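Commentary on secondary and tertiary structure
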Amino acid sequence: MTPEAMEGLRRFYEAWMKAVSASWENTLRNPAFVAAMGQGMSEAMDLRAVQEAAVEKVLKGMHFPTRTEFGGLKRQIADLETKVEQMRLERSRPPRKARQKRTVSR
Amino acid sequence: MTPPPATLADAAKEVMAGWEKGARQLLKTVAPKVDEALKTGRTPHEVVFRKDKLRLLRYRSKAKKVHETPVLLVFALVNKPYILDLLPGHSVVEVLLQAGLDVFLLDWGVPGEDERYKSLEHYVTVYLQSAVRETARAAGSEKVNLVGYCQGGVFSLIYTALFPHDVETLTLMAAPVDFHADENPLRLWGDAANFDVDKVVDACGNIPSWMLAAAFLMTKPVDNLVGKYVKLFGKLDDERFVRLFMAMEKWVADGVAIPGEVYRQFIKDLYQKNLLAKGKLRLGDHPVKLKDIRCPLLNIIAAHDHLVPPACSRPATKLVGSRTKKTLDVTTGHIGLAVSGIALKKLWPGAARWIKRNS
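Residues numbered from 1 in each chain as written. Chains lettered and ligands numbered in written order. Predicted model: local features only at pLDDT ≥ 70, side-chain atom pairs only at ≥ 80, totals over all residues. Heavy atoms only, no water.

So, on to the overall build of chain A. From N to C terminus, chain A includes three helices and one strand. Counting from the amino terminus, chain A carries its helices and strands in the arrangement α-α-α-β. Expected size for 106 residues packed as a compact globule is a radius of gyration near 13 Å; at 30 Å, chain A overshoots this value by more than 25%. Seen through its principal axes, chain A has C-alpha atoms that stretch 75 × 70 × 30 Å. Summed over all atoms, the accessible surface of chain A reaches about 8500 Å², with 64% contributed by carbon and sulfur. Averaged over its 20 positive side-chain charges, chain A has a centre that lies 14 Å from the centre of its 13 negative ones. (Helix = DSSP H or I, 4+ residues; strand = E, 2+ residues; numbered from the N terminus. Rg over C-alpha atoms; globule rule 2.2 N^0.38 Å. Areas by Shrake-Rupley, 256 points an atom, 1.4 Å probe, with all protein chains shown as cover. Lys, Arg positive; Asp, Glu negative; His and termini not counted. Charge placed at Lys NZ, Arg CZ, Asp CG, Glu CD.)

Written out as structure tokens, the structure is:
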């Protein structure tokens with residue numbers, strides 16, 4: 001391939017990239033596209049929630065604890081852990097002192 | 001001499017077997033070299049503190065004297081923090097060490113079910129506070145110089161507002177503050193009208209990394225799926241470029257899930273309600289006021305950032321209460337702040353000087 005042909009190809013590619021990128025950019029910001037993407041995501045999550053509810057119904061029938069029940073407990077434990085850790089850090093906070101040196105030997 | 005294949009199918013089988021043998025040989029000889037060339041996070045370090053999944057890394061400095069106030073690097077939860085020490089010659093950590101700073105890096109770890117219900121409040125007031133405390137203790141200092149990148153910058157801002165006495169200087173790298181300042185795709189897709197974050201977190205728990213990676217890829221699909229590979233093809237004889245490219249690809253594919261509750265609050269309070277910029281964010285009982293930040297601030301903006309547009313990160317300089325503050329515009333993209341030539345040769349040596357001068 002001649003250098004002229006290569007240069008032509010390169011220019012064609014650059015123009016194509018610019019046009020396709022601009023077109024995609026418009027699509028990605030298009031309100032209809034954004035709404036459809038949101039709706040698709042929402043419906044996928046609804047499907048997952050329905051599956052989860054079905055599993056929980058079966059578990060409940062067998063007197064097994066469900067994910068929701070475990071989740072509630074874990075949330076409470078996580079909140080308590082945050083409070084306890086905050087108190088521990090507050091109690092162990094070192095006293096502030098005046099500083100002088102700017103470099104230290106290692 | 002082996003007899004020629006009897007049928008076309010036999011010939012095809014022979015060709016395939018030859019290809020397979022060649023490919024296996026190639027992998028056997030080349031793969032270890034590729035693995036070695038792409039070994040990331042190589043700067044010598046030790047883990048000085050662990051808490052749950054969190055690790056605090058301290059890098060070994062060759063300098064005889066290091067600056068007293070240590071630097072703590074805080075990256076986002078979305079990807080692994082070794083982007084700040086990607087490869088020798090492409091490492092922010094390396095530049096800061098050479099400048100005589102005592103460098104620590106916070107690695108949040110990979111969250112599991114244990115982290116699913118941990119809140120943004122826990123991540124900032126417990127995990128980040130513990131890391132700041134341990135950094136200061138290990139360096140024998142009272143305060144730290146916080147450097148926060150992207151979401152890590154938001155965490156660092158919130159931390160500095162809540163615990164101003166712990167932070168000597170604050171450096172932000174592409175940290176979003178005013179989430180409504182630019183109508184970029186991520187902002188539009190994350191808007192409350194289009195995105196029900198409660199449904200997503202309730203269904204998924206921790207948000208899988210592929211979901212986040214897909215969203216980031218979609219922000220510039222043509223560049224991410226075509227442009228960068230064409231660029232690679234044109235530079236195949238540039239070993240340095242190929243090595244950096246492959247290391248970046250490795251990092252991009254090495255994503256981390258985001259803890260569900262952190263994601264919920266981050267999307268709701270920051271992306272959707274913009275509470276941080278409005279001064280109305282609360283972490284549990286703690287109000288977060290950026291005006292409470294009084295320490296020197298260096299706000300680094302990536303001019304070509306498509307994930308955190310400059311309009312979103314620039315307002316931090318105006319919103320904090322610091323007297324000494326500086327905005328630095330760098331002609332690079334979001335990740336370029338950590339790995340590009342301009343960042344490593346100009347930005348970080350200058351940032352290190354600024355940190356030393358102000359701490």
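Here we take up the environment of B:E115. Residues and elements named next belong to chain B. Looking at the element boundaries, E115 is found in the loop between β7 (103–107) and α3 (120–139). Its relative accessible area of 2% is what places E115 among the buried residues. Taking C-alpha positions, E115 is 9.3 Å from V262, a pair spaced 147 residues apart along the chain. Other than its neighbours up to four places away in sequence, E115 contacts D52, K53, Y123, Y127, N206 and P259. (Buried < 20%, exposed > 50% of the residue type's maximum accessible area, 1.4 Å probe, protein only. Contact = heavy atoms within 4.5 Å.)

Moving on: helix α3 (residues 67–91) of chain A. For α3(A), with 25 residues, the first-to-last C-alpha span of 36 Å sits near the 36 Å given by 1.5 Å per residue. Those residues of α3(A) that sit buried are A:G71, A:A78, A:T82, A:E85, A:Q86 and A:L89. Looking at the buried side of α3(A), the elements it contacts are β1 (45–51), α3 and β11 (286–287) of chain B. (Expected span 1.5 Å × (residues − 1).)

Evaluation of the coordinates by the stated rule reveals 31 salt bridges over all chains. Across the pair B:D254 and B:K80 runs a salt bridge, and its minimum N-O distance is 3.0 Å. Residue B:D254 is located in the loop between α9 (239–253) and α10 (260–272), and its partner B:K80 is located in the loop between β4 (71–74) and β5 (85–87); the two are separated by 174 residues in the primary sequence. Assessed through its relative accessible area of 22%, B:D254 is described here as partly exposed. A salt bridge links B:D198 to B:K268; the shortest N-O distance between them is 2.9 Å. Residue B:D198 is located in helix α6 (residues 197–204), and its partner B:K268 is located in helix α10; the two are separated by 70 residues in the primary sequence. In this structure, a network of salt bridges that share partners links the residues A:R75, B:R116, B:D198, B:D202, B:E261, B:R264 and B:K268. (Salt bridge = Lys/Arg side-chain N within 4 Å of Asp/Glu carboxyl O.)

Moving on, we come to empty space enclosed by the protein. All names here are of chain B. Going through the model one piece at a time under the given rule, you end up with two cavities of 30 Å³ or more. The volume enclosed by the largest cavity comes to roughly 50 Å³. Of the residues in the lining of the largest cavity, the class split is six nonpolar, one polar and three charged. Estimated volume of the second largest cavity: approximately 40 Å³. Lining the second largest cavity are L77, W108, G109, P111, Y123, V256, A257 and P259. (1 Å grid on protein atoms, 1.4 Å probe; cavity = no way out; pocket = protein on both sides within 12 Å on 5 of 7 lines; lining within 4 Å. Points joined across faces, edges and corners; volume = space filled by probe spheres on them. Nonpolar A, V, L, I, M, F, W, Y, C, P; charged D, E, K, R; others polar.)

Now for the pairing of β1(B). Remark: a regular strand shows side chains that alternate across the two faces of the sheet. Residues and elements named next belong to chain B. The pairing of β1 with strand β2 (residues 54–59) spans six bridges and is classified as antiparallel. Note on β2: the bridge partner recorded for R50 is R55. Between the end of β1 and the start of β2, which pair antiparallel, lie two residues, with D52 showing a positive phi angle near 50 degrees. (Pairing = 2+ DSSP bridges.)

Right, let's get into the packing of aromatic side chains. All names here are of chain B. Going through the model one piece at a time under the given rule, you end up with 12 aromatic pairs over all chains. Consider the rings of F179 and F266, whose centres lie 5.9 Å apart with planes at 85 degrees: the pair is edge-to-face. You can see F179 sitting in the loop between β9 (167–173) and α5 (185–189) and its partner F266 sitting in helix α10, a full 87 residues away along the chain. By relative accessible area, F179 is classed as buried at 3%. (Phe/Tyr/Trp six-rings, centres within 6.5 Å; stacked < 30°, edge-to-face > 60°.)

Contacts between chain B and chain A engage 59 residues on the former and 43 residues on the latter. With both sides pooled, the region where chain B packs onto chain A buries about 4400 Å², and carbon together with sulfur makes up 53% of that total. Inspection of the region where chain B meets chain A yields seven salt bridges. The closest approach of N and O atoms between B:E261 and A:R75, which form a salt bridge, is 3.4 Å. Taken together, the connections running from chain B to chain A amount to 15 residue pairs in polar contact (both at pLDDT 80 or more). When residues of the side of chain B that touches chain A are assigned to their parent elements, the largest contribution, seven residues, is made by α3(B). Of the residues belonging to the side of chain B that touches chain A, the class tally is 19 nonpolar, 16 polar and 24 charged. (Buried area = accessible area lost by both parts, 1.4 Å probe. Polar contact = N/O pair within 3.5 Å; in protein donor to acceptor, adjacent residues only side chain to side chain.)

A positive phi angle, near 60 degrees, is found at A:H63, a position not held by glycine. Within the fold, A:H63 resides in the loop between α2 (31–61) and α3. Owing to a relative accessible area of 74%, A:H63 belongs among the exposed residues under this scheme. Phi at B:A174 takes a positive value of approximately 45 degrees, unusual for a residue other than glycine. Among the structural elements, B:A174 can be located in the loop between β9 and α5. Judged by relative accessible area, which is 0%, B:A174 ranks as buried.

The next point concerns the confidence of the model for chain A. Should the pLDDT be low somewhere, the predicted coordinates at that spot are not to be read in detail. Residues of chain A with pLDDT of at least 70 account for 91%, and the chain-wide mean is 87. Element-level mean pLDDT values for chain A span from 59 in strand β1 (residues 103–105) of chain A up to 94 in α3(A). (pLDDT = per-residue confidence, 0-100.)

Okay, a nonpolar patch on the surface next. Residues and elements named next belong to chain A. Together, M1, M6 and L9 give the surface a local cluster of nonpolar side chains, amounting to about 370 Å² of exposed area. Following the sequence through the fold, M1 ends up in the segment before α1 (3–29). Judged by relative accessible area, which is 74%, M1 ranks as exposed. (Patch = residues over 30% accessible without salt bridge, like charges linked within 9 Å, V, L, I, M, F, W, Y side chains within 5 Å.)

Bringing the state of the cysteines into the picture now. All names here are of chain B. Overall, the coordinates contain zero disulfides over all chains when judged by the stated rule. There is no disulfide at C295, and the cysteine sulfur nearest it, in C150, is 20 Å away. Using a relative accessible area of 8% as the deciding quantity, one classes C295 as buried. (Disulfide = S-S within 2.5 Å.)

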